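Residue strings, one per chain:
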Amino acid sequence: MDRLIMHVDMDAFFASVEQLDHKEYRGKPLIVGGIGGRGVVSTCSYEARKFGVHSAMPTAKAMKLCPQGIFIRGNYPRYSEVSQQIFDIFEHYSPLIEPLSIDEAFLDISGMERLMENPLQYAMKLKQEIKEKTGIVASVGIAPNKFLAKIASDLDKPDGLVVVDRDRVQEFLDPLPVRRIWGVGAKTAMVMDRLRIKTIADLRKMTYEELHKTFGDKTASHLFMLAQGKDERPVAPRGRAKSIGNEVTFGEDLQTAEDALQVLLELSVKVGWRLRKAGFKAKTIQLKLRTRDFTTYTRQKQLFEASNFDNDIYTAIKELFKHLNITNNIRLLGVSTTGFGEMEAVSLFHDEKKDKLYQAIDDINNKFGKLGVTRGSLLKK
């Protein structure tokens with residue numbers, strides 16, 4: 001059966017939630033992330049993007065580009081609450097959902113023609129329901145595979161809706177910049193630039209042998225297949241996950257331990273949220289760090305007790321970061337978790353009070369819209 005995949009991505013999600021909740025932010029350049037010049041931008045409103053601000057940009061640079069911007073640290077429990085509403089809506093549109101983050105997912109709608117007038121109308125209905133029930137605007141891409149669907153959802157933001165016809169895949173792909181392909185980062189793009197490969201059409205003209213000679217077997221296969229719009233990966237529901245994590249690549253390298261720890265805190269909060277949403281607890285916590293020269297370091301730590309609490313994750317990550325002793329020229333940071341099988345065992349040391357306390361903290365944050373009791377306590381450690 002031919003696949004039909006939908007990629008749904010909330011537009012400027014964190015900033016959109018804040019503008020929904022606070023009238024004074026609407027129509028203003030709002031920047032969610034580190035404040036006081038520390039950390040990096042998590043996301044920003046489209047009003048701020050007009051000034052050149054974007055996610056993963058150092059907050060200090062964002063302040064220079066947009067001094068009139070409104071900078072806030074963010075309310076992650078509130079974002080989780082809205083995200084849950086959105087994922088509940090997804091359940092009515094597809095039996096196969098693969099969350100990518102708090103604000104985006106793949107939905108497999110293959111073979112569901114009887115439930116829809118056509119894919120375009122089906123996506124319009126989904127977008128309308130999300131807007132009516134949450135106030136958030138989504139962009140959607142529909143295509144024969146995940147790679148094409150994700151590109152399509154990003155082409156006409158905000159409030160975009162792009163359908164890639166199965167018979168017009170190359171017509172859709174060929175004019176696009178080659179950096180639209182997953183895995184083509186700055187280093188690979190530099191090599192392609194030397195080869196005068198600017199668009200996906202240019203890449204498609206390369207033979208596999210030519211790509212293999214330049215990039216090696218794995219990367220050559222990846223580029224060769226995607227340039228032709230081929231991607232056989234199925235939509236994988238969260239139950240199949242072997243690891244859960246988040247990482248961010250910076251437009252400008254981080255130069256202080258304080259900035260790095262602020263980012264690692266935000267990543268730990270996101271990973272903790274994803275674990276709890278999936279119903280998982282993790283035993284292994286891993287730090288990933290890449291420097292300016294593309295040297296990549298990974299360090300991991302086994303927890304005494306499997307956990308999905310933000311503070312347990314951050315405490316382990318902070319220890320790994322300090323032992324690594326790299327505090328400048330940091331290009332990428334990532335936090336990931338594995339060892340989910342441990343959650344199924346009944347622990348003699350399980351602390352129900354901690355579960356209740358953590359839930360109470362989330363409830364307080366949701367009710368009063370604070371910056372986050374958990375986040376504040378972590379910052380003091």
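What comes next is a walk through the structure.

### Focus: the sheet that holds strand β2 (residues 30-33)
- In spatial order, the strands read β3-β2-β4; together these three strands make up an open sheet with mixed pairing. Whereas interior strands pair on both sides, the edge strands pair on one side only; in this sheet they are β3 (41-44) and β4 (70-72). The mean angle between the axes of side-by-side strands here comes to 25 degrees, regardless of whether they run parallel or antiparallel.
- Bridging between β2 and β3 involves three bridges; their strand directions are antiparallel. The residue bridging V32 from the neighbouring strand is T43, located in β3.
- Strands β2, β3 and β4 of the sheet are contacted by helix α1 (residues 13-21), whose axis makes an angle of about 120 degrees with β2.

### Topic: the sheet that holds strand β9 (residues 244-254)
- With respect to topology, four strands assemble into an open sheet ordered β9-β12-β10-β11, the strand pairing being antiparallel. Two strands close off the open sheet at either side, each with one partner strand: β9 and β11 (296-307). Recorded for the sheet is a direction-independent mean angle of 15 degrees between the axes of neighbouring strands.
- Note: β9 against strand β12 (residues 330-338), seven bridges, orientation antiparallel. Residue pairing across strands places V248 opposite L333, the latter belonging to β12.
- Of the strands in this sheet, β9, β10 (282-291), β11 and β12 are in contact with helix α12 (residues 257-278), which crosses β9 at around 160 degrees.

### Comments concerning unusual backbone geometry
- Omega for the peptide link from K157 to P158 comes to -10 degrees, which places this bond in the cis form.
- Within the secondary structure layout, P158 lies in the loop between α6 (146-154) and β8 (161-163).
- Look at R196: it is not a glycine, yet its phi comes out positive at around 65 degrees.
- Structurally, R196 can be placed in the loop between α8 (186-194) and α9 (200-204).
- The class of R196 is exposed, set by a relative accessible area of 72%.

### What to know about the pattern of salt bridges
- Within the structure shown, the criterion is met by 18 salt bridges.
- With its nearest N and O atoms 2.7 Å apart, the salt bridge here joins R78 to D21. With R78 in helix α4 (residues 76-90) and D21 in helix α1, the pair connects residues that are 57 residues apart, well separated along the chain.
- Residue classification places D21 among the partly exposed positions, given a relative accessible area of 36%.
- For K133, the salt bridge identified is with E129, shortest N-O distance 2.8 Å. Taken together, the residues K133 and E129, both in helix α5 (residues 119-134) and four residues apart, mark about one turn of the helix.
- By relative accessible area, which is 54% here, K133 ends up exposed.
- Connected via shared salt-bridge partners are D9, D11 and K157.

The rules behind each value
Residues numbered from 1 in each chain as written. Predicted model: local features only at pLDDT ≥ 70, side-chain atom pairs only at ≥ 80, totals over all residues. Heavy atoms only, no water. Pairing = 2+ DSSP bridges. Helix = DSSP H or I, 4+ residues; strand = E, 2+ residues; numbered from the N terminus. Axes fitted to C-alpha atoms, helices over the stretch in contact; angles between N-to-C directions. Contact = heavy atoms within 4.5 Å. Buried < 20%, exposed > 50% of the residue type's maximum accessible area, 1.4 Å probe, protein only. Salt bridge = Lys/Arg side-chain N within 4 Å of Asp/Glu carboxyl O.

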